[in-house]
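# Breakdown of the fold
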Amino acid sequence: MTKKLNLGCGKDIKQNYVNLDVVKLPGVDIVHNLEKYPYPFKDNEFDEVYCHHVLEHMTSIVKPLEELWRITRKGGKLVIEVPISPGIGAFVDPTHKSFYTFGTFDYFTENNMLNYYSKARFKILKRRIIFSTNLYPLKWFYNLATKIVNSDINLQKAYFFNFSFIFPAYLIDAELEVVK
């Protein structure tokens, strides 16, 4: 039986997940402030951790990723969605404290020269740049941009390094495998 954690769930309660939030809402299984370390779980307890719009609200990028690495088993998966910087989604919410780019998770991979900040290691399984689809009637355009940019890793890098400040995206959607 796989054990899954829905981190910072708010009202998005998921069946067959341990639902954790800082506020005791209906369906929340564990109340915990994610800025308090360590998290109330054993090492290697989870097979999957789902983080949907929660990590950007934390003061550190390194500390929560280290904790998620600690509580997730080797080969387990983190499913992360955060606003991408530069982008309006990253800066519009006054409660956002951390900012993620296309390259942020690279600092936690085994082959990165700058991975000395942390012992937590991940393999990037998927990383997609998502353009806003909320702006009707341009929804078709944003969907097309998402499809084109994510069709090749070199297009993703070219977009990030050359065009992200001219034509900002909205989100980064990533899946990371825990390496131990």
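Scroll up a little and you will see the structure.
In this report, we go over the structure that sits alongside the text. Position numbers for residues start from 1 in each chain and track the written sequence from start to end. Owing to the predicted nature of the model, reporting of local features is limited to residues with pLDDT of at least 70; listing and counting of side-chain atom pairs is limited to 80 or more, with chain, interface and lining totals taken over all residues. Hydrogen atoms and water are omitted, and side-chain values are computed over all heavy atoms in the structure.

### Considering the nonpolar core
Ranked by size, the top nonpolar core spans 39 residues in total, and within it Leu-5, Leu-7, Leu-55, Leu-68, Ile-80 and Phe-122 carry the most contacts. We call two residues in contact when some of their heavy atoms are within 4.5 Å. With residues near it in sequence (within four places) discarded, Leu-68 still touches Leu-7, Tyr-39, Val-49, Cys-51, Leu-55 and Leu-78. We call a set of buried Ala, Val, Leu, Ile, Met, Phe, Trp, Tyr and Cys residues a nonpolar core when their side-chain atoms join them within 4.5 Å. Each residue is assigned to one of three classes by its accessible area relative to the maximum for its type, calculated with a 1.4 Å probe on protein chains only: buried under 20%, partly exposed between the two thresholds, exposed over 50%.

### Digging into the layout of surface pockets
Estimates place the volume of the largest pocket at around 340 Å³. Helix and strand definitions here come from DSSP, where helices need a minimum of 4 consecutive H or I residues and strands a minimum of 2 consecutive E residues; each element is numbered from the N-terminal end. Looking at the lining of the largest pocket, the elements that each hand over two or more residues are β1 (4-7) and β4 (46-52). We call Asp, Glu, Lys and Arg charged. Ala, Val, Leu, Ile, Met, Phe, Trp, Tyr, Cys and Pro are nonpolar, and the rest, Gly among them, are polar. Of the residues contributing to the lining of the largest pocket, the split by class is seven nonpolar, eight polar and four charged. Buriedness for pockets is judged along seven lines, at least five of which must meet protein on both sides within 12 Å for an open set on the 1 Å grid over protein atoms alone, while cavities are sets there where a 1.4 Å probe fits but cannot get out, and lining residues have an atom within 4 Å of a point. Grid points are joined across faces, edges and corners, and a volume is the space filled by probe spheres set on the points.

### Some thoughts on the pairing of β4
Of all seven residues in β4, six are buried; the element is thus mostly enclosed. In this structure, β1 lies alongside β4, joined through four bridges in parallel fashion. Residue pairing in the sheet places Asn-6 in a bridge with Tyr-50 of β4. The pairing criterion for strands is at least two bridges between them, as found by DSSP. Inspection of the sheet shows β4 paired to strand β5 (residues 72-83) by six bridges, in the parallel sense. Paired with Phe-46 across the two strands is Thr-72, which belongs to β5. Seen with the strands pointing away from the viewer, any crossover whose path from the first strand over the helix to the second strand runs clockwise is right-handed. Crossover handedness for the path β4 to helix α1 (residues 62-71) to β5: right-handed.

### Digging into the sheet that holds β4
Pairing between sheet strands relies on hydrogen bonds along the backbone, with the strands arranged either parallel or antiparallel. Read across the open sheet, the seven strands follow the order β3-β2-β1-β4-β5-β7-β6; overall the sheet is mixed. Pairing within the sheet leaves two strands with one partner each, and these edge strands are β3 (30-31) and β6 (121-130). Of the strand pairs in this sheet, strand β2 (residues 18-21) and β3 are connected by two bridges, and their pairing is parallel. In the sheet register, Leu-20 faces β3, and the bridge partner there is Ile-30.

### A look at the pattern of salt bridges
Opposite charge on two side chains makes pairing possible when the charged atoms of those side chains draw close. Within this document, salt bridges are pairs made up of a side-chain nitrogen of Lys or Arg and a carboxyl oxygen of Asp or Glu, the two lying within 4 Å of each other. Evaluated as defined, the whole model comprises 10 salt bridges. With a closest N to O distance of 2.5 Å, Lys-3 and Glu-45 form a salt bridge. Note that Lys-3 is positioned in the segment before β1 and Glu-45 in the loop between β3 and β4, a separation of 42 residues in sequence. Accessibility expressed as a relative area gives 31% for Lys-3, which makes it partly exposed. Residues Asp-173 and Lys-126 are paired through a salt bridge, measuring 3.2 Å at the closest nitrogen-oxygen approach. Within this pair, whereas Asp-173 is found in strand β7 (residues 171-179), its partner Lys-126 is found in strand β6, the two being separated by 47 residues in sequence. Judged by relative accessible area, which is 29%, Lys-126 ranks as partly exposed.

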